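Secondary and tertiary structure notes
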There are 2 protein chains.
Amino acid sequence: MKNTKIEIVGRGNVASHLFKAISHFADAQIVNPHSLESLRRDADIILIAVTDSAIVEVTRRIDNLCSNPSTIIAHTSGTTPLSAIDGSRHHTGVFYPLQTFSKQVELDYRQIPFFIEGDSEETAEKLSALASCISTRVQIADSTQRKSLHVAAVLVCNFVNHLWALSDQYLQANNLDFDMVRPLIAETFQKMMHHNPKDIQTGPASRRDYVTISSHLESLSSFPKIKEIYSLLSESIIQTCSKNIKI
Amino acid sequence: MKNTKIEIVGRGNVASHLFKAISHFADAQIVNPHSLESLRRDADIILIAVTDSAIVEVTRRIDNLCSNPSTIIAHTSGTTPLSAIDGSRHHTGVFYPLQTFSKQVELDYRQIPFFIEGDSEETAEKLSALASCISTRVQIADSTQRKSLHVAAVLVCNFVNHLWALSDQYLQANNLDFDMVRPLIAETFQKMMHHNPKDIQTGPASRRDYVTISSHLESLSSFPKIKEIYSLLSESIIQTCSKNIKI
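Thresholds, definitions, all that
Residues numbered from 1 in each chain as written. Chains lettered and ligands numbered in written order. Predicted model: local features only at pLDDT ≥ 70, side-chain atom pairs only at ≥ 80, totals over all residues. Heavy atoms only, no water. Helix = DSSP H or I, 4+ residues; strand = E, 2+ residues; numbered from the N terminus. Rg over C-alpha atoms; globule rule 2.2 N^0.38 Å. Areas by Shrake-Rupley, 256 points an atom, 1.4 Å probe, with all protein chains shown as cover. Lys, Arg positive; Asp, Glu negative; His and termini not counted. Charge placed at Lys NZ, Arg CZ, Asp CG, Glu CD. Contact = heavy atoms within 4.5 Å. Buried area = accessible area lost by both parts, 1.4 Å probe. Salt bridge = Lys/Arg side-chain N within 4 Å of Asp/Glu carboxyl O. Polar contact = N/O pair within 3.5 Å; in protein donor to acceptor, adjacent residues only side chain to side chain. Nonpolar A, V, L, I, M, F, W, Y, C, P; charged D, E, K, R; others polar. Buried < 20%, exposed > 50% of the residue type's maximum accessible area, 1.4 Å probe, protein only. Least-squares fit on C-alpha atoms with pLDDT ≥ 70 in both. pLDDT = per-residue confidence, 0-100. Pairing = 2+ DSSP bridges. Axes fitted to C-alpha atoms, helices over the stretch in contact; angles between N-to-C directions. 1 Å grid on protein atoms, 1.4 Å probe; cavity = no way out; pocket = protein on both sides within 12 Å on 5 of 7 lines; lining within 4 Å. Points joined across faces, edges and corners; volume = space filled by probe spheres on them. Core = buried A, V, L, I, M, F, W, Y, C linked by side-chain atoms within 4.5 Å.

What follows is about the overall build of chain A. The secondary structure content of chain A amounts to seven helices and seven strands. Its helices and strands in sequence order give chain A the pattern β-α-β-β-α-β-β-β-α-β-α-α-α-α, from N to C terminus. Here the C-alpha radius of gyration of chain A, 23 Å, is well above what a compact globule of 247 residues would show, namely 18 Å. Taken over the C-alpha atoms alone, chain A extends approximately 70 × 45 × 30 Å along its principal axes. Surface exposure of chain A reaches about 10,400 Å², of which carbon and sulfur atoms provide 50%. Charge centroids of chain A, computed over 24 positive and 26 negative side chains, lie 2 Å from each other.

If you want it as structure tokens, here you go:
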């Protein structure tokens, strides 16, 4: 792919990580969305890695600048459907890496699942070929599946991190240190990597220990939001575990 | 400690892991709570690793069987206060390992934080000495601190695992595989091990992307409990992140 021209439009973490991964094997260039004039008019693929709400506008501006009919424009968003950009005069597709990107954190790109969609089989094949140079986990997914994956990602990543943040806040308020629970988190993570999470559920709610649950809720009286979350998640665990028993 | 006699009362995972860890360096014996007659009357320390609601009754029965005044009885529960057993005619204490124990999973015991409480400084010292033979992370904590740690453990371990389980259920219902999000979870975990969780919060709620949030809630209409959890946690993230901005 040494001669394949890939433009990556964006200024954030996704854009810089994609550029880093792609520049090893293709002729890649990162382009600031505010300076689209620097786009190469003969680009093979233009990846749009901007905030969701700007995708349509950036595509429209690219359409005004470039007219190479063989160029593929692909966005990198989980939630935006392909239909948002398929009015473009270019080929269109989606190039979605299911990962959380941070500036300073090194990643093993070969492990990142990529989900590809194209306006035609040919477009999907070209985008898959590009993704396969980065990762070993490339799959075709339509806009509905990709949205489901994004919802799941919010649950397993954003919400999980928030529970850790709330716990940090609660421990600090009690003069305790979040480091004390890190080994527990590490163990919980290791178990999940090797088991189905519903098979390894532990804790007061999973054993319907209502005495402990009430006692914990009482301890949380100065933390109304955490208390609400504690109630709702305990209720949900009790519901799930009783379903398991029925099966 | 080769000649120190340690009895571990219990039949569950905590009991079997404690026995495994302690038998390397002390004269340990595991005792079924239903056959307390086999307790050695000259035991130095009796660890009670039974379900919370049975701790008081097991202590009472040990009191009836043994009368060595120098024996220490310690329970291993996060939520049960020391006061629950300090009416015993023995010395009493708490020996609480903050970890999630499973039968088949090997653990690095040296990393497990142990929280110790004693009815006297001498009792606390003896229990700390025992814990220090297992782990490098031994601390004194009173019943209130221990309860806070247990609440935090439920948040960071039980609830996190439940979010993973819900995501598994949701992905399956959409013909997708939980394996697709495991690399994302691994990355989220690695970030948390090296950063303060509130500093690495990402996702639609943290950037107040209400369009994506609404669109996700719509996708969750057939999953009312997950939808409720999605709403509440997004609300909590928005609240937390706006607090950060004010600071």
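Structure's up, so let's keep going.
With 83 residues of chain B in contact, the opposing surface of chain A contributes 83 residues. Between chain B and chain A the total buried area reaches about 8,300 Å² when both faces are included, carbon and sulfur atoms providing 68% of it. On the surface where chain B and chain A come into contact, there are two salt bridges. The tally of links from chain B across to chain A stands at 31 residue pairs in polar contact (both at pLDDT 80 or more). At the level of secondary structure, the elements contributing two or more residues to the side of chain B that touches chain A comprise α4 (143-173), α5 (182-194), α6 (210-219) and α7 (224-246) of chain B. For the side of chain B that touches chain A, the element with the most residues is α4 of chain B, which contributes 25 residues. Within the side of chain B that touches chain A, the residues separate by chemical class into 43 nonpolar, 28 polar and 12 charged.

A few words on the side chain of glutamate 7 of chain B. Residues and elements named next belong to chain B. Mapped onto the fold, glutamate 7 is located in strand β1 (residues 5-9). The exposure class assigned to glutamate 7 is buried, which follows from its relative accessible area of 0%. Not counting residues within four places of it along the chain, the set of residues in contact with glutamate 7 comprises Gln29, Val31, Ser38, Leu39, Arg40, Ala43, Ile45, Ile46 and Leu47.

A word on the relation of the copies chain B and chain A. At an RMSD of 0.0 Å, chain B and chain A line up after a rotation of 180 degrees and a shift of 0.0 Å along the axis. Put plainly, the chains are arranged around a two-fold axis. Across chain B, the rotation axis passes nearest the C-alpha of valine 160 of chain B, at a separation of 2.7 Å. Looking at chain B, 100% of its interface residues are interface residues in chain A too, so the copies touch through the same face.

Of the residues in chain A, 98% have a pLDDT of 70 or more, and the chain-wide mean is 94. Reported confidences for the modelled complex are a pTM of 0.89 and an ipTM of 0.89.

Let us look at the sheet that holds strand β1 (residues 5-9) of chain A. All names here are of chain A. One open sheet holds the seven strands; their spatial order is β2-β1-β3-β4-β5-β6-β7, and the pairing between them is mixed. Every interior strand has two partners, whereas the edge strands, β2 (27-31) and β7 (138-140), have only one. Each strand axis lies, on average, 25 degrees off the axis of its neighbour in the sheet, ignoring direction. Of the strand pairs in this sheet, strand β5 (residues 91-97) and strand β6 (residues 114-118) are connected by five bridges, and their pairing is antiparallel. Considered in β6, the bridge of phenylalanine 95 is made with isoleucine 116. Where helix α3 (residues 121-134) meets the sheet, its contacts fall on β1, β3 (45-48), β4 (72-75), β5, β6 and β7, and the angle it forms with β6 comes to roughly 160 degrees.

Glancing now at the layout of surface pockets. In this structure, the largest pocket spans a volume of roughly 1,100 Å³. As for the largest pocket, its lining consists of 43 residues, and the residues nearest its centre are Thr202 and Arg207 of chain A together with Asn13, Val14 and Phe101 of chain B. Sorting the residues of the lining of the largest pocket by element identifies α5 (182-194) of chain A together with α1 (13-22), α2 (55-65), β5 (91-97) and α4 of chain B as the ones contributing at least two each. When residues in the lining of the largest pocket are grouped by element, the largest group, four residues, is from α4 of chain B. Among the residues forming the lining of the largest pocket, the class breakdown is 17 nonpolar, 18 polar and eight charged. In this structure, the second largest pocket occupies an estimated 800 Å³ of space.

On to the sheet that holds β5 of chain B. What holds strands together in a sheet is hydrogen bonding between their backbones, with the strands either parallel or antiparallel. Residue and element names in this part refer to chain B. The sheet built from seven strands is open, its strands ordered β2-β1-β3-β4-β5-β6-β7 with mixed pairing. Across the chains shown, the open sheet's two edge strands, defined by having one partner strand only, are β2 (27-31) and β7 (138-140). Averaged over neighbouring strand pairs, the angle between their axes works out to 25 degrees when direction is ignored. Of the strand pairs in this sheet, strand β6 (residues 114-118) and β7 are connected by three bridges, and their pairing is parallel. Each residue of the ladder has a partner; that of phenylalanine 115, found in β7, is glutamine 139. Taken strand by strand, helix α3 (residues 121-134) contacts β1, β3 (45-48), β4 (72-75), β5, β6 and β7, and its axis lies near 160 degrees from that of β6.

Now for the pattern of salt bridges. Taken as a whole and assessed by the stated rule, the structure comprises 22 salt bridges over all chains. Here glutamate 122 of chain A and lysine 126 of chain A are joined by a salt bridge, their closest N and O atoms 3.4 Å apart. Residue glutamate 122 of chain A and its partner lysine 126 of chain A are located together in helix α3, separated by four residues, close to a single helical turn. We classify glutamate 122 of chain A as exposed; its relative accessible area is 52%. With a relative accessible area of 40%, lysine 126 of chain A lands in the partly exposed category. Residue aspartate 179 of chain B pairs with arginine 182 of chain B through a salt bridge whose shortest N-O separation is 2.6 Å. The exposure class of arginine 182 of chain B is buried, given its relative accessible area of 14%. Overlapping salt bridges, with partners in common, bring together Glu7, Asp27 and Arg40 of chain A in one network.

Core analysis: the biggest nonpolar cluster contains 116 residues, and Val9 and Ile62 of chain A together with Val9 and Ile62 of chain B have the highest contact counts within it. If we ignore the near neighbours within four places in the chain, the residues touching isoleucine 62 of chain B are Val9, Leu36, Leu39, Ile46, Ile48, Ile73 and His90 of chain B.

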